[in-house]
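Structural description and commentary
Single-letter residue listing:
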Amino acid sequence: MKINVKVGTVEKEAAEILVFHVFEDMKITNESLARCNKALHNSISELIKKKEFIARLSKTIVLPTYGKISAKRIMLVGLGKKKDVTLDKIRQAAGTTASILRDMGISESTCVMDSIDITAPLSEWFQAYAEGARLALYKFQRYKYIPPEERHELKVLNLLFSQKDVLTTVRVAVTCGEIIADAVSFTRDLINTPSRDKTPAILADYAVKMAKEYSMQCKVMSLPELKKLGMGGLLGVAQGSVQPPKFIILDYNARAKNQDTLVFIGKGITFDSGGICLKQAKDMDLMKSDMSGAAAVMGAIMALSKMKVPQRIIGLMPCTENMPGGSAMKPGDIIKFSSGKTAEIANTDAEGRLILADALVYAENYRPQAVIDLATLTGSCVVALGTVVTGMMGNNEALKKRVQIAGEKSWERVWELPLWEEYQEQIKSDIADIKNVGGPHGGAITAACFLSKFAEKYPWVHLDIAGTAWCEKGGAYTQKGASGVGVRLLVQLVRNWAKFPEKHSL
Ligand code: BES
Ligand code: ZN
Ligand code: ZN
């Protein structure tokens with residue numbers, strides 16, 4: 001869907017449907033809406049007065065215009081109470097608008113934008129609007145035949161203003177929103193794709209292609225190099241699979257001078273069967289999404305490169321399947337990571353931390369100002385926090401604060417769990433430096449404790465997205481399936497980066 005920002009006169013807009021966004025507590029004082037109301041013999045104000053339409057968030061009503069204005073119909077879309085409006089509610093209202101228009105079979109429509117008393121900076125408001133509208137239209141249809149009569153597509157959404165002065169700001173904001181939504185859609189596509197069509201080698205091909213398209217550097221490390229580096233975590237997990245592992249590196253702005261370097265690490269388990277400690281069959285299909293961290297990192301870098309941010313951004317994506325097999329890693333095995341540390345494998349299903357450990361060690365090479373890993377790491381995090389919020393742990397207060405602020409702004413919120421010393425007890429091993437499971441309690445925290453042993457040389461935040469990466473059901477701008485969580489958060493974090501003056505020392 002293309003979003004056009006344009007100037008025009010409401011009554012003359014020959015749209016199939018003209019959309020007005022209204023606050024629940026709004027009087028029709030706005031000029032363009034008042035003029036339309038008058039032309040329609042006060043039918044809008046009557047509806048509102050008689051409470052036949054209450055403009056709660058995402059509530060809609062469609063009215064015919066009987067040729068009184070150029071548009072054939074108008075649609076009112078509620079924004080809720082003005083004092084309660086947030087950027088995410090804008091995202092939701094835009095999402096509802098776009099999907100309703102599409103489902104009505106409308107291919108082009110116009111939203112009257114200066115009829116709204118906008119409550120946030122224009123750039124934020126319209127970025128959120130564009131994100132919501134585009135994300136709502138996302139569908140994963142690569143494998144499904146859709147009969148032609150059901151193939152509705154909203155091709156153009158016009159945002160109509162009466163004055164020229166805001167157009168530039170709004171256009172920039174809309175472009176940012178589109179870039180972000182496209183990156184989230186790319187991430188959702190990767191996650192929704194069945195495991196057989198996104199093996200580590202296929203993901204590596206995607207990264208190579210992306211690097212060419214957006215002029216970044218890409219390096220893919222395969223078995224010989226992984227062996228040379230002694231990445232026993234990634235190699236150990238990959239042992240049971242016929243698919244060779246890949247360690248994918250995307251490097252944006254590699255030659256940036258006097259700029260901070262941020263490393264994003266994404267867990268890339270393209271299928272998590274549990275390995276020898278096999279998972280139960282129920283819902284095992286969802287474990288194709290165990291590479292959501294890697295997909296989010298790819299999406300975020302794609303968006304950041306299109307936005308041409310000044311920082312150097314590195315994406316590290318250790319990718320492998322976790323499968324049982326004749327040569328699979330067994331409980332009781334001891335593996336050795338690239339840092340030299342050893343770990344006892346208590347459970348082969350706790351594989352994410354093993355591949356992340358090698359990536360965290362590799363991140364040291366870049367002497368980064370910050371390292372953030374995203375991983376569908378533990379069921380325990382889902383038990384603790386549910387599916388609304390991402391679990392956050394880390395070793396640096398300033399970085400945690402930055403992530404938390406970016407989470408609020410992008411509405412991909414995070415909630416901190418304590419990474420206190422006492423929990424480290426649980427991952428002690430009698431026969432190796434550490435073990436990969438910390439017992440039945442506090443699993444999200446003990447998993448982070450494990451990671452912390454490999455992230456000692458830089459400010460680091462770990463995000464457990466096990467609960468937030470997958471939607472059981474759709475929302476105003478999400479669908480059942482992958483959410484694409486992490487992309488908006490990381491993009492927001494980087495765009496805010498220079499606004500916070502503190503520097504982190506290594
Ligand atoms: N990929 C899973 C975690 C997961 C669970 C992600 C549910 C998304 C939804 C991870 O590799 C795993 O299996 N973790 C185990 C660890 C346990 C064996 C210590 C878990 O959380 O049960
Ligand atoms: Zn697992
Ligand atoms: Zn896993």
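Just so it is clear, the structure is predicted and the values come from calculations on it, not from any experiment.

Domain parsing of the chain yields domain 1 (2-165) and domain 2 (180-504). Relative placement of domain 1 and domain 2: their C-alpha centres are 38 Å apart. Domain 1 puts 18 residues into the contact, and the matching count from domain 2 is 20 residues. If you sort the residues of domain 1 by the area they bury against domain 2, Leu135, Tyr138 and Phe140 come out on top, with a joint share of 37%. Run the count over domain 1 and domain 2 and you get 3 salt bridges.

To continue, consider the coordination of the zinc ion (ligand 2). Around the zinc ion (ligand 2), the protein contributes the donor atoms Asp272 (OD), Asp349 (O), Asp349 (OD) and Glu351 (OE), which lie 2.0 to 2.2 Å from the metal centre. Angles of 70 to 167° at the metal separate the 6 donor atoms of the zinc ion (ligand 2), which places the site in the irregular class. Distance-wise, the zinc ion (ligand 3) is placed 3.2 Å from the zinc ion (ligand 2), both being coordinated by aspartate 272. Within this pair, whereas aspartate 272 is found in strand β10 (residues 268-272), its partner glutamate 351 is found in the loop between β13 (342-344) and α10 (352-363), the two being separated by 79 residues in sequence. On the basis of relative accessible area, glutamate 351 is assigned to the buried category, the value being 0%.

Counting residues in hydrophobic clusters, the biggest one holds 63 residues, and the most contacted among them are Met210, Leu250, Phe264, Ile313, Ile372, Val403 and Leu463. The greatest single-element share of this core, amounting to 10 residues, is contributed by helix α9 (residues 292-306). Not counting residues up to four positions away in its chain, the partners in contact with leucine 250 are Ala207, Met210, Ala211, Met216, Gln217, Cys218, Met298, Ile301, Ile313, Ile314, Gly315 and Met317. Ile69, Ala71, Val77 and Val112 belong to the second largest nonpolar core, which has 54 residues in total.

Before going further, it helps to examine the coordination of the zinc ion (ligand 3). In the first shell of the zinc ion (ligand 3), the protein supplies Lys267 (NZ), Asp272 (OD), Asp290 (OD) and Glu351 (OE), at 2.0 to 2.4 Å from the metal. Given 6 donor atoms and angles of 77 to 175° at the metal, the environment of the zinc ion (ligand 3) is assigned as octahedral. In the primary structure, the donors to the zinc ion (ligand 3) are separated according to the pattern K-x4-D-x17-D-x60-E. Looking at lysine 267, the relative accessible area reads 1%, which means it is buried.

A separate point is helix α14 (residues 443-452). Counting buried positions along α14 yields 10 of 10 residues, so the element is predominantly enclosed. By the burial criterion, the buried members of α14 are Gly443, Ala444, Ile445, Thr446, Ala447, Ala448, Cys449, Phe450, Leu451 and Ser452.

Moving on, we come to the environment of leucine 63. Turning to its location among the elements, leucine 63 is positioned in strand β3 (residues 60-64). Given a relative accessible area of 14%, leucine 63 falls into the buried group. Setting aside anything within four residues of it in sequence, one finds leucine 63 in contact with Ile44, Leu47, Arg73 and Ile74.

The backbone of asparagine 42 sits at a positive phi, close to 60°, despite the residue not being glycine. As for its position among the elements, asparagine 42 is in the loop between α1 (31-39) and α2 (43-49). One non-glycine residue, aspartate 283, adopts positive backbone phi at about 65°. Mapped onto the elements, aspartate 283 comes out in the loop between β10 and α9. Take aspartate 283: its relative accessible area is 44%, and that puts it in the partly exposed class.

Conventions adopted
Residue numbering note: each chain is counted from 1, following its sequence as written. Chains and ligands are labelled sequentially in the order written, the chains with letters from A and the ligands with numbers from 1. Per-residue local features are limited, in this predicted model, to residues with pLDDT of at least 70; the limit for side-chain atom pairs, both in listing and counting, is 80 or more; totals at the level of whole chains, interfaces and linings are taken over all residues. Side-chain numbers here rest on the full set of heavy atoms in the structure, without hydrogens or water. Note that the domain bounds reflect an automated or database-derived domain assignment. Pairs of residues are marked as contacts when any of their non-hydrogen atoms sit within 4.5 Å. In this description, buried area is defined as the sum, over both parts, of the accessible area (probe of 1.4 Å) that is lost when the two are combined. Salt bridge, as used here, is a side-chain nitrogen of Lys or Arg placed within 4 Å of a carboxyl oxygen of Asp or Glu. Donor criterion used throughout: N, O or S atom within 2.8 Å of the metal, extended to 3.2 Å for Na, K and Ca. Water excluded; incomplete-looking sites may result. Tetrahedral means four donors with every angle between 85 and 135 degrees, whereas square planar (four donors) and octahedral (six donors) require angles over 155 degrees between opposite donors and between 65 and 115 for all others; sites fitting neither are termed irregular. Going along the chain from the N terminus, every DSSP run of H or I of four or more residues is numbered as a helix, and every run of E of two or more is numbered as a strand. Note on exposure labels: buried denotes an accessible area under 20% of the residue type's maximum, exposed denotes more than 50%, and partly exposed covers the range between, all computed with a 1.4 Å probe on protein chains only. Definition of nonpolar core: a set of buried residues of the types Ala, Val, Leu, Ile, Met, Phe, Trp, Tyr and Cys, connected through side-chain atoms within 4.5 Å.

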